[in-house]
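# Coordinates in review
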Amino acid sequence: SSGINAEYGYTDSVGISTVRNHVAEYITQRDGYPASPDDIFIGTGASSCIKNIMKLCLTMDITVRPGFMIPVPQYPLYSACTAEFNAELISYYMDENNNWTLNPDELERAYNEAKSRCAPKAICVINPGNPTGQNIPPENIAEILKFANKHDLLVMADEVYQNNIWGDDDQFVSFKKVLRSLGPEYDSQPLASFHSVSKGFMGECGLRGGYCEMTNFDPDVKAMLQKLISASLCSSTSGQVAISCMVKAPTGDAAELYKAETDAVLASLKDRSIMVHEKLNQIPGIVCNDLQGAMYAFPRIEIPKRAIEIAESKGMQPDFFYCLELLEHTGICVVPGSGFWQYPGTFHFRMTILPPKDQLVVFLEKLAKFHVEFREKYG
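The paragraphs below set out a description of the structure included in this document. Remember, predicted model here, so these are calculated numbers, not experimental data.

## Here we look at unusual backbone geometry
- With an omega of 5 degrees, the peptide bond running from Val72 to Pro73 counts as cis.
- Positionally, Pro73 belongs in the loop between β2 (66-72) and α3 (76-84).
- If you check the backbone angles, Asn99 has positive phi at about 55 degrees while not being a glycine.
- With respect to the helices, strands and loops of the structure, Asn99 is situated in the loop between β3 (88-93) and α4 (104-114).

Structure representation (structure tokens):
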């Protein structure tokens, strides 16, 4: 059976079996370790999968709130879900000075400070990073997994940008692959990994297709998740089909054209990421780490003291004030770093590398001119 009800159109709650088989084949080929369709469920985008996994971590004990360790800077989905579930958000800071890697000492600090006020349940990691654009190396992934194992935490690996790797010597290495390489000592370490059709080379955000692979999940927990998912009947059938298209490349006559078009999209994005990184770092008072992956730059900006004071007098974050001035004077819209949270005393904005290259050139020229004038005006 394909997992589709021919009369009513509903699919299996966890997703069409054919699609889940395709996902399992993709993961097996990617990692070199077997994946089972029984460990995979399909959702209405990766975000719905993430929310369902977070729901599994909630507790009926109203005296102790569950806690989720969330990276800072972070994608706002996680803080929003934590608030919705009345859970505790445990912030851990990524190391900007080391290309946004995760420092085990910082993880320990965040965990130890939080455990007196909540029950930490999971650590969330976004790789490649949004908004930070890092590609976490395998040795750092191993440190994160060992930390989670030490403290009995579920690892939630948000890997929706896994096809967007820009470094010449870089490649995407999944949390699943590193976990399997650690040996039998970690065979009970639970891991939830997520992917989506919204990113990569497809960018089919509106189709709302995502999946989760559950590694080392207890059978009773998986059964509970099945009940949770069943309450929503099933995810979008068109989104599920899009997932199949993403993970299973065509064969035959279409294979060569598919590869050529996919390679062209990714090569163009890589070219833009290189240009954005170089141009941002040529602007005095702006520093941007290497763009190793994903679709964004998250440069650190210097804001004059007087501009900070004016922003605070208006009840604004300084980088919000900066971005508002940028919008009013140039028509360019970027997202202030405070919207993603950031290390105290630092200021950033997030921009995307998605616009056509000729538009990015104009954007970066306008940004450079604005930034110089902004510093002169408020310096």
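## Regarding the side chain of Thr132
- Turning to its location among the elements, Thr132 is positioned in the loop between β4 (119-126) and α5 (138-150).
- Assessed through its relative accessible area of 3%, Thr132 is described here as buried.
- At 2.5 Å, the side chain of Thr132 and the side chain of Gln134 are in polar contact.
- Thr132 has contacts with Pro73, Met94, Trp100 and Phe298, leaving out every residue within four places of it along the chain.

## Details of the sheet that holds β3
- One open sheet holds the seven strands; their spatial order is β1-β7-β6-β5-β4-β2-β3, and the pairing between them is mixed. What marks the edges here is a single partner per strand, and that holds for β1 (40-43) and β3. This sheet shows a mean twist of 25 degrees between the axes of neighbouring strands, independent of strand direction.
- Relative to strand β6 (residues 191-196), strand β5 (residues 154-158) runs parallel, the two sharing four bridges. Along β6, the bridge assignment pairs Asp158 with Phe194.

## Section: helix α12 (residues 357-378)
- Along its 22 residues, α12 runs 31 Å from first to last C-alpha, staying within 8% of the 32 Å computed at 1.5 Å per residue.
- Within the sequence span of α12, burial applies to Leu360, Phe363, Leu364, Leu367, Phe370, His371, Phe374 and Tyr378. Burial along α12 is one-sided: seen end-on, the buried residues are contained in an arc of 135 degrees. In α12, those exposed residues whose orientation departs by more than 90 degrees from the buried face are Asp358, Glu365, Lys369 and Glu376.

Basis of the calculations
- Residues numbered from 1 in each chain as written.
- Predicted model: local features only at pLDDT ≥ 70, side-chain atom pairs only at ≥ 80, totals over all residues.
- Heavy atoms only, no water.
- Helix = DSSP H or I, 4+ residues; strand = E, 2+ residues; numbered from the N terminus.
- Buried < 20%, exposed > 50% of the residue type's maximum accessible area, 1.4 Å probe, protein only.
- Polar contact = N/O pair within 3.5 Å; in protein donor to acceptor, adjacent residues only side chain to side chain.
- Contact = heavy atoms within 4.5 Å.
- Pairing = 2+ DSSP bridges.
- Axes fitted to C-alpha atoms, helices over the stretch in contact; angles between N-to-C directions.
- Expected span 1.5 Å × (residues − 1).
- Arc of directions from axis to C-beta.

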